[in-house]
Number of protein chains: 4
Amino acid sequence: MIVVMRVSSKESEINAVKSKLEGVGFKTHLIQGVERIVIGAIGDKRALPSLGIDLMEGVEKIVHIMNPYKLVSKEVKEKTIIQIGSTSVGGDIMTVVAGPCAVESEEQLMESAKAVKEAGATMLRGGAFKPRTSPYSFQGLQEEGLKLLRDASKIYDLPIVTEVMNIKTVELVAEYADVLQIGARNMQNFDLLKEVGRMKKPVVLKRGLSATLEEFLMAAEYIMSEGNYEVILCERGIRTFETATRNTLDLSIVPLIKQTSHLPVIVDPSHATGTWKLVAPMSKGSLAVGADGLMIEVHPNPPEALCDGSQSLTPENFNKLMQELQSMHSLLHA
Amino acid sequence: MIVVMRVSSKESEINAVKSKLEGVGFKTHLIQGVERIVIGAIGDKRALPSLGIDLMEGVEKIVHIMNPYKLVSKEVKEKTIIQIGSTSVGGDIMTVVAGPCAVESEEQLMESAKAVKEAGATMLRGGAFKPRTSPYSFQGLQEEGLKLLRDASKIYDLPIVTEVMNIKTVELVAEYADVLQIGARNMQNFDLLKEVGRMKKPVVLKRGLSATLEEFLMAAEYIMSEGNYEVILCERGIRTFETATRNTLDLSIVPLIKQTSHLPVIVDPSHATGTWKLVAPMSKGSLAVGADGLMIEVHPNPPEALCDGSQSLTPENFNKLMQELQSMHSLLHA
Amino acid sequence: MIVVMRVSSKESEINAVKSKLEGVGFKTHLIQGVERIVIGAIGDKRALPSLGIDLMEGVEKIVHIMNPYKLVSKEVKEKTIIQIGSTSVGGDIMTVVAGPCAVESEEQLMESAKAVKEAGATMLRGGAFKPRTSPYSFQGLQEEGLKLLRDASKIYDLPIVTEVMNIKTVELVAEYADVLQIGARNMQNFDLLKEVGRMKKPVVLKRGLSATLEEFLMAAEYIMSEGNYEVILCERGIRTFETATRNTLDLSIVPLIKQTSHLPVIVDPSHATGTWKLVAPMSKGSLAVGADGLMIEVHPNPPEALCDGSQSLTPENFNKLMQELQSMHSLLHA
Amino acid sequence: MIVVMRVSSKESEINAVKSKLEGVGFKTHLIQGVERIVIGAIGDKRALPSLGIDLMEGVEKIVHIMNPYKLVSKEVKEKTIIQIGSTSVGGDIMTVVAGPCAVESEEQLMESAKAVKEAGATMLRGGAFKPRTSPYSFQGLQEEGLKLLRDASKIYDLPIVTEVMNIKTVELVAEYADVLQIGARNMQNFDLLKEVGRMKKPVVLKRGLSATLEEFLMAAEYIMSEGNYEVILCERGIRTFETATRNTLDLSIVPLIKQTSHLPVIVDPSHATGTWKLVAPMSKGSLAVGADGLMIEVHPNPPEALCDGSQSLTPENFNKLMQELQSMHSLLHA
C-alpha cells in the first residue's frame, strides 16, 4: 500500500500515519518528492479497511498495490478443469450448455434436450425457478421443473445446469442439478454465494450487469472461500448506454480473466444480446477470444416460448451454428 | 401495443399477426404507410410476453405503449405518506435517517444515536448484517447488532432502519427493526422482495447500481404486489464511467419518480459519493430537487470505523449540515 | 510515480527500470515487500509518456501519483472570477444564461431576450451555428444569427454566449459574442480548444457526454495553456444506461470541481434532462450543490421551436423559476 | 410516427394534434384504447422536429417508427466494397491497417512499414496530427509526417490511412493520404464530417466513445449526404464502468451494422483495450463476429514509442498474429 501525503503535511502528520501502519504490523518507507511525500507500507492489505488512513490529517490518497482476491488468482494455480459427469469444463472440450430459457412442459423440454444433444451440446440448461423483472411474468415450474430436467438428463445423458435463486432452495436444486447457476442479479447476493460455496456441486457464476472484473472475481472468491473450488465464470453482457442490444457483451473480459485467474470462462450470447440474430456471430467471437465454451438458448418453437423467445435459436439454427463452432474450435486448438 | 411490419411484408404475414393478437383478445387496427405498415393492438399488455409476435414473419419491431407497472403508478394514487412511530415519510417532515454504516459495539452505537438524535435526525440507521464485496471484510454483529439497535431505539426514541440480506432472516430482522432495508445489490433479489412484501413493516428499497427507473419501480411493484404498500424508494448512485466518485448520484431520478409514482423518495449521498466531503453539498441538492429526505452515515470516530469510514460524517459535521438542511427545507416548503 | 515489480522479477530487471528512470532525471527508491517490489520515482511526470516503463520486463503496473493538470488546479489559485460586461461569473452573483436553443428570427430572439432580461437573467444565449445529430435538421442562421444576437445584446443590455463549432469561424463568432461556447461534442476537439485559447474572450466549456472529471479539466487546461485563463466549466449531463432522461445530470461533479479547481462552474439542466418538467427541480439542485449559475433554455413558444422545444421553458415558467432560484441563492449565500 | 394521448385527453386536444399533423401533410389514424388513445401519423419524419407535438396538451409521448438515416441503410444497398489502390475494403479481402500510433521519424516509420508489409497488412497507418488528452503530450510531426507516410507508401506499396483533425488541414492531408481517418473524439464534429464528405477519398470513421449505433450511422450519413459514399466504419471501444480495460470493445455492433447498413466495418482492438496482450484475442474475435478487417498498432520498439507504446505489437507478435488471422479468415470464408 502506498500513502500519498500532501507536500504541505506536517512531520507530526507523517509520523502519525507511520505509527498507525507500524502498529498493525506494516513496515514503512518514506519517499520525499518535490510536490508529494509518499509512504510505502509493506504488509497484508486485508487487515486494512478499518485503518482509516485516508481520513488522517495530511493524507491525500491511498493507492493499493495488491489485488483483493487470492483463491481465484492465477498466482495460486495455472488452470482449473472441472469434471462434470462424462464431460469437463476448462480443458480441451468445447463446452456448450444449451436448452430453453425456462422449463415449460415435459414435451418442450424433451424436444429441446433431444435437439441439443443431437447437435453436440455437452450440457442441458433450463430454468425451473425464474427471476423475472415483473411480478406478473411466468415464474417457472419450480420443483416440477427440476424433476423434468432430471428425467431429460437421464434420457439424453446430459448434465443439468439450472439456476438457484435463494438460500432456501439451494439444497433442493442441488438434489436434481449437476451444476448450480447463480444469475447475474444475484452475483452479489453474498449469502447465496456462501451457501453454494458449501455445496459439492460445480457453480456457474454469471457476471452482474454492472460488475467490474474485480467484483466478478471477488464473487467467485466468496464461493471458493467456503470450500467449493469448482467455479465456472460466465460473461453475459454488461449495462452500457447502447440500446440497440439488450446489454453489451464484453468479450475482452474473457482474455483478461484468462490472464488473471485459473478458472474456466464461458459466454452467454443469448441473454447479452437479447436477439437470436446476434447469437451465431457472438458465439463464434466468444470462442475466438478464448472462451472455454458457451451457454445458448434453444427452444423448439421460439414464438411460443413463455420466456425470452426473441433470443432463442431454433433447433435447426442451433445445429448449423454447432457445426461452425466445431470448425472454429478445431482451428483454435490445432 | 404497436406492431411495425416491413413494407415488404405479405398480406398473409399481416393477417397472421392480426389473428394471433385477436386470438388473445386484442382489437387490431391497420395503418398503411408509405414505407411501413403499422398494426395497433388494444388490450392488456401483461398477457403478451408469450405471444412471440416479434419473431413472426414480416415483423420489424414492437413498441409498447403502456408502462409495465401498476401499483406504484401515480395513476392509482397521488401521494403516499408512511407513518413510522411518531414520525412519517413522504409528508411535510424532512426525513433524515442517520447513523453508522455498521453496528460495531454498544458504545459506538449509543454515541451515534445520541449525536444524530440531538442534531435532529428522525430515524436511526445501522447495519447488523453487512453485504461486503470481500469475504474477508467485517460481516456485521448480526442478531447482537439488532438487539443493540433496539436498545438505542428505546433510549433515544428513534425508529430503526436496518438491512435484511436474505429470506431466512427477514422475520428475525422484522422483530427488531421498524423499517426493513433492501440493499442495492438485492434490488432484483425477487424472492427477498416477495418476502418483505408479506411483512407488515415499511421497506426502504435502494436502487440497484445499474437499475433503470422502470426496473426500480418494478422492484417496488414486487413488494406491493404481495400486499405491503409502504415502500420508500432510495436513490444511492448508479454506475457510470466516472471514477472520481464511487458512484454517480442520479438526482434527476427524484423529480422523475415524483412525476411517475406516489411513493416517497429519499437519497443516500454517503454511499453514492463514497467521500464525506461531498455529503453536505449533495444532501442539500437532494432536498432541492424534491427528495422527501436523506440517509446519511454518521460515526463518532470515522477513522476507526470498521466499514466505510471515508464517507461518514463526524457528529460535528452532521450537526452543522442538519442546520443547513432545516433552513433549506423551510425555504422549499414555505 | 510508483512502479510495481513482480515479486519474481530479477535483479537485472529492477536495475533496468531504475536506470531508465534515473536516465531521465528521476530519483528512485526501492521498497522490497513480501509479495511485490515497489520502485518509487521522484520527478516530473509529464516527461514520462515516452518512457515505456510499463512494457519493461518484470513490471506489473505503474501508478501515477500526480495529476496531469496544472493551470486549472486549485493548487495554483483559490478562485477565478470572470468579469463579463457589467456582470461576472464565479463570484457572488448568481449567473443565469438564458435564451432559445437556436436563433430562429428577429422576433423570436427579441421576445426571448426581453423575457429573460425581465426575469433576471444575467446573459443571453442562442445558437447561430447548431451542431445537429442529423444532417437533415435545421443548422442555424449562422452570421445572420450572430448579428441578431448583437442587436438583442444592445437593446437588452445582456452579454451574449454563443457556440463556436469550428476553427474557421472562431474569429467571426468572437466579433459578435461576449462569451464563446464550446459544445459537449467538441470538448476534445483539441484544435478548436487551442484556437479559443488564443482569443481574448471568456469561454464556456461544456463537459463531453462521456468525459471524466480529469478529461474535462484537461480540456480546460488546453485552453489555458494557450493563454486564455477565463474558462467557465459547464456540466450538461453524461451518458449512462438510464433512458428515462436524455442524459444523466452529474451534479456531484460540481462540488468535486470546486474542491479541485479554481474555475467557475455552471450547469445546463435543459440539455441534460431533455425535458422542461425537470428543469426547475434540477436548477434548484444545481445551486444547492454549489454551482455558480445555470444555463437554461427559454423560448417564447416551445411547441413551435425549430430545435429542442421539449426542453425549453416558457417565459412564464422561467420567470417563476427565477424567483425560486433567487430565494435559494439568498439562502445559500446568507 | 405514433402519438400516444392520455386517456383523459379531451376531444379538442386530439383534434388539435390531428390538425397540426395534417397541416404538414401527414395522414392520421385514430386508435381508441381502454387506457390510451393513439394517433398514427403517416408521412415524412424528417420534417418533424419542429412540430412540437410532444408539448401539446393531452400528449403523453411520441414514438418514432422510422430510422433517421437513409443513405447508410441496407434498405438502399446490399453491400459497399471500396477500392483503394490495389486493395479493397468490404469484399473478400481481409483488411489489415497496421503501423505505429504516431509517425516519429523516417527510420521508425520505414521499419514499421517494412514489417507490416512483410506480415501481410493491406494498408499502412500512422498519425501525423495527434489528438492528445494533454496539451503537454507529443502532438505529431504534422506535414513532415505526411511526407514520410507518402514515401513509405511508395516504397512498400501500401495505401496510407491517416487522421485529419480539423477542417483547415483536410485538403493538406488529402494530398498525401489514400484514406482519411476521423478520430473517435471528432465523430460528431459535424463541420469536419461535411468537409471530408466533399473530398474524393475514402474515409475511416471511428465510433465515438459514447456513440450509439444510431449516432454512429448518422455521422456516416453526414459524410454521405455531401456526396462521399466511401465510408468505412471502425469500432474502437466505448466507455463503460469497467476500468480493467481502457475502453470496452463492443463487438456486437459489428453484426448489428452488417444487419442495418451496407457499409464495411473494421475494428481497432489496440485503442479499445489499451494493452497489447489483448490485441491478439480481440483481433480474432473481431473477424469471428464478421468484421471486414482490423486496424492494429505495430511499433518496431514499443517501449520507446512516443505514443501508446503499451498497446503496440512488436513486428514479431504482429507477424504471428497475422498467420492466425489468415487461418481464421480462410475458415470463415470457406
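Residues numbered from 1 in each chain as written. Chains lettered and ligands numbered in written order. Predicted model: local features only at pLDDT ≥ 70, side-chain atom pairs only at ≥ 80, totals over all residues. Heavy atoms only, no water.

Undergrad: Any details on the overall build of chain A? Residues and values, ideally.
TA: Along the backbone of chain A there are 10 helices and 14 strands. Expressed along its principal axes, the backbone C-alpha trace of chain A runs to roughly 75 × 40 × 40 Å. When burial is assessed residue by residue, chain A has 65% of its 334 residues classed as buried. Contacts in chain A between residues at least 24 apart in sequence constitute 67% of all its contacts with a sequence separation of at least 6. When the accessible surface of chain A is split by element, carbon and sulfur atoms take 48% of a total near 11,500 Å². (Helix = DSSP H or I, 4+ residues; strand = E, 2+ residues; numbered from the N terminus. Buried < 20%, exposed > 50% of the residue type's maximum accessible area, 1.4 Å probe, protein only. Contact = heavy atoms within 4.5 Å. Areas by Shrake-Rupley, 256 points an atom, 1.4 Å probe, with all protein chains shown as cover.)

Undergrad: Give a description of the relation of the copies chain D and chain B that names residues and reports values.
TA: Least-squares fitting of chain D to chain B yields an RMSD of 0.0 Å, with the transformation described by 0.0 Å of translation along the axis and a rotation of 180°. On the angle and the small slide along the axis, the relation comes out as a two-fold axis. Considering only C-alpha atoms, the residue of chain D closest to the rotation axis is D:Phe241, which sits at 2.1 Å. Comparing contact sets, 100% of the residues at the interface of chain D also lie at the interface in chain B, consistent with an isologous, same-surface contact. (Least-squares fit on C-alpha atoms with pLDDT ≥ 70 in both.)

Undergrad: Tell me about helix α9 (residues 279-288) of chain D, and please be specific about residues and values.
TA: Residue and element names in this part refer to chain D. Counting buried positions over the 10 residues of α9 gives 9, a clear majority of the element. Of the positions making up α9, those classed as buried are Val 279, Pro 281, Met 282, Ser 283, Lys 284, Gly 285, Ser 286, Leu 287 and Ala 288. At the exit of α9 stands Gly 290, carrying a positive phi of roughly 115°.

Undergrad: Could you give an account of the packing of helix α6 (residues 213-225) of chain A against helix α7 (residues 253-260) of chain A, naming the residues involved and the relevant values?
TA: Residues and elements named next belong to chain A. Taken N-terminus to C-terminus, the directions of α6 and α7 make an angle of 55°; their axes are 11 Å apart at the nearest point. Classified by the interaxial angle, the pair formed by α6 and α7 is oblique. Like other packed secondary-structure pairs, α6 and α7 cross with a definite hand, here right-handed. Contact residues: Leu 213, Phe 216 and Leu 217 in α6; Ile 253, Leu 256, Ile 257 and Thr 260 in α7. Partitioned by chemical class, the residues of the contact of α6 with α7 number 6 nonpolar, 1 polar and no charged. (Axes fitted to C-alpha atoms, helices over the stretch in contact; angles between N-to-C directions. Parallel < 35°, antiparallel > 145°, perpendicular 65-115°, else oblique. Left-handed = near helix turned anticlockwise from the far one by under 90°. Nonpolar A, V, L, I, M, F, W, Y, C, P; charged D, E, K, R; others polar.)

Undergrad: For the interface of chain B and chain A, give the residues involved together with the corresponding values.
TA: Tallying the contact residues gives 48 residues for chain B and 48 residues for chain A. Counting the contacts that link chain B with chain A gives 4 salt bridges. The interface formed by chain B and chain A holds 23 residue pairs in polar contact (both at pLDDT 80 or more) in total. When residues of the side of chain B that touches chain A are traced back to their parent elements, those giving at least two are α5 (190-197) and α6 (213-225) of chain B. With 5 residues, the top contributor of residues to the side of chain B that touches chain A is α6(B). Residue classes in the side of chain B that touches chain A are distributed as 20 nonpolar, 14 polar and 14 charged. (Salt bridge = Lys/Arg side-chain N within 4 Å of Asp/Glu carboxyl O. Polar contact = N/O pair within 3.5 Å; in protein donor to acceptor, adjacent residues only side chain to side chain.)

Undergrad: Describe the relation of the copies chain B and chain A, with residues and values.
TA: Taken as rigid bodies, chain B and chain A are interconverted by a rotation of 180° and an axial shift of 0.0 Å, the fit giving an RMSD of 0.0 Å. When the interface residues of chain B are mapped onto chain A, 100% of them again fall at the interface, so both copies present the same face.

Undergrad: Tell me about the pattern of salt bridges, residues and numbers included.
TA: Applying the stated criterion across every chain yields a total of 68 salt bridges over all chains. A:Arg198 is the salt-bridge partner of A:Glu226, the closest N and O atoms lying 3.3 Å from each other. With a gap of 28 residues between them, A:Glu226 in the loop between α6 and β12 (231-235) and A:Arg198 in the loop between α5 (190-197) and β11 (203-206) connect regions that are remote in the sequence. Note on A:Glu226: relative accessible area 31%, which makes it partly exposed. The exposure class assigned to A:Arg198 is partly exposed, which follows from its relative accessible area of 44%. Measuring nitrogen to oxygen at the nearest pair gives 3.8 Å for the salt bridge that ties B:Glu297 to B:Arg125. Of this pair, B:Glu297 sits in strand β14 (residues 293-297) while B:Arg125 sits in strand β8 (residues 123-125), and the two are 172 residues apart along the sequence. Each member of the pair, B:Glu297 as well as B:Arg125, carries the same accessibility label: buried. Each of A:Arg207, A:Glu235, A:Asp250 and D:Glu242 takes part in one network of salt bridges that share partners.

Undergrad: Tell me what's going on with the environment of A:Phe318, and back it up with residues and numbers.
TA: Residue and element names in this part refer to chain A. Looking at where Phe 318 falls in the secondary structure, it is placed in helix α10 (residues 315-332). In this structure Phe 318 comes out as buried when scored by relative accessible area, which is 0%. Between the C-alpha atoms of Phe 318 and Ile 53, which are 265 residues apart in sequence, the distance is 55 Å. Those residues in contact with Phe 318 that lie beyond four places of it in its chain are Val 96, Ala 98, Val 116, Ala 119, Ala 121, Ile 296, Val 298 and Leu 313.

Undergrad: Please set out the state of the cysteines residue by residue, giving values where relevant.
TA: Throughout the structure, instances matching the rule amount to 4 disulfides over all chains. Each sulfur in the disulfide pair C:Cys101 and C:Cys307 lies 2.2 Å from the other. Taken together, the residues span a long stretch of sequence, with C:Cys101 in the loop between β7 (95-99) and α2 (106-119) and C:Cys307 in the loop between β14 (293-297) and α10 (315-332) at a distance of 206 residues. Comparing C:Cys101 with C:Cys307 shows no difference in burial state: the two are buried. Between A:Cys234, a cysteine without a disulfide, and A:Cys101, which holds the nearest cysteine sulfur, the sulfur-to-sulfur distance is 13 Å. A residue is classified by how much of its surface remains accessible, and A:Cys234, at 0% relative accessible area, is buried. (Disulfide = S-S within 2.5 Å.)

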